Amino acid sequence: SAVISQKPSRDICQRGTSLTIQCQVDSQVTMMFWYRQQPGQSLTLIATANQGSEATYESGFVIDKFPISRPNLTFSTLTVSNMSPEDSSIYLCSADRGGGELFFGEGSRLTVL
Amino acid sequence: GESVGLHLPTLSVQEGDNSIINCAYSNSASDYFIWYKQESGKGPQFIIDIRSNMDKRQGQRVTVLLNKTVKHLSLQIAATQPGDSAVYFCAESIRGGSQGNLIFGKGTKLSVKP
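Residues numbered from 1 in each chain as written. Chains lettered and ligands numbered in written order. Predicted model: local features only at pLDDT ≥ 70, side-chain atom pairs only at ≥ 80, totals over all residues. Heavy atoms only, no water.

Details of the interface of chain A and chain B
Reasoning step 1: Facing the 23 residues of chain A at the interface are 24 residues of chain B.
Reasoning step 2: Together, the buried faces of chain A and chain B total about 1800 Å²; carbon and sulfur atoms form 51% of this surface.
Reasoning step 3: Considering only the surface of chain A that becomes buried against chain B, A:Gly40, A:Glu101 and A:Arg109 emerge as the three largest contributors, covering 24% of it.
Reasoning step 4: Where chain A meets chain B, there are zero salt bridges.
Reasoning step 5: The set of elements that each furnish at least two residues to the side of chain A that touches chain B consists of strand E4 (31–37), strand E5 (43–49), strand E9 (89–96) and strand E10 (102–104) of chain A.
Reasoning step 6: Sort the elements by how many residues they give to the side of chain A that touches chain B and E4(A) lands first, with four residues.
Reasoning step 7: Its residues placed into classes, the side of chain A that touches chain B shows ten nonpolar, eight polar and five charged. (Contact = heavy atoms within 4.5 Å. Buried area = accessible area lost by both parts, 1.4 Å probe. Salt bridge = Lys/Arg side-chain N within 4 Å of Asp/Glu carboxyl O. Helix = DSSP H or I, 4+ residues; strand = E, 2+ residues; numbered from the N terminus. Nonpolar A, V, L, I, M, F, W, Y, C, P; charged D, E, K, R; others polar.)

Remarks on the packing of aromatic side chains
Reasoning step 1: Applying the stated rule across the entire model yields ten aromatic pairs over all chains.
Reasoning step 2: Seen from their ring centres, A:Phe66 and A:Tyr91 are 6.4 Å apart, and the 45 degrees between their planes marks the pair as tilted. Here A:Tyr91 lies in strand E9 and A:Phe66 lies in the loop between strand E6 (56–57) and strand E7 (68–72), a separation of 25 residues in the sequence. As far as burial versus exposure is concerned, A:Phe66 and A:Tyr91 are alike and both buried.
Reasoning step 3: Ring geometry for A:Phe104 and B:Phe104: centres 5.9 Å apart, planes at 75 degrees, overall edge-to-face. (Phe/Tyr/Trp six-rings, centres within 6.5 Å; stacked < 30°, edge-to-face > 60°. Buried < 20%, exposed > 50% of the residue type's maximum accessible area, 1.4 Å probe, protein only.)

Observations concerning the pattern of salt bridges
All names here are of chain B.
Reasoning step 1: Summed over all chains, the structure comprises four salt bridges over all chains.
Reasoning step 2: Where Arg-51 meets Asp-49, a salt bridge forms, and the shortest distance between an N and an O atom there is 4.0 Å.
Reasoning step 3: With a relative accessible area of 34%, Arg-51 lands in the partly exposed category.
Reasoning step 4: In this structure Asp-49 comes out as buried when scored by relative accessible area, which is 7%.
Reasoning step 5: Taking the shortest distance from any N to any O, the salt bridge between Arg-57 and Asp-49 comes out at 2.2 Å.
Reasoning step 6: By relative accessible area, Arg-57 is classed as partly exposed at 34%.
Reasoning step 7: One network of salt bridges, in which partners are shared, links Asp-49, Arg-51 and Arg-57.

Here it is as structure tokens:
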């Protein structure tokens, strides 16, 4: 299995600010993804982080709100821009080594006041 | 700690009993399925997977059953232990499509009574 580290693990932010979440995988992986998990809910895919090109966003998520970077095969960032209380959620980074099984980080718990 | 199961269906079982968690998946074209366990304050953890060319797969204390006719997936946990208390999610994907793009079900919170 892959070890995935995310930081920050949690943060409290003010409305209108932006926060960047970092995801580091301990080995090279083919695919990386960002999910959101709102309180008491299931996981929703935000986007696929593509190495060397623009991320692929799911319906309802846009690049201006959730810019993503993936400069290499082990690292990605997700920024939550111009935050509102509705963005309070757990943001999860995940990786696939090619077998279809996703490994997840511990998540970044964001509270927006 | 933070709970992710506040609004989820709950299954309560006695320690030592068997647990069965059910999931109805949405896409008849899905051909790969995974069960994840999520403990409070942690990320989802892989439990077991199954491909659509199988209808049953066993792991250590866990069994996954797949019924493609009715698009139903179940997770059976034998001799449930307090450490099994968590939220369980099923996930589906079409491996020939967006590889690794898993669609998660709503989740079930398993509570084990000592």
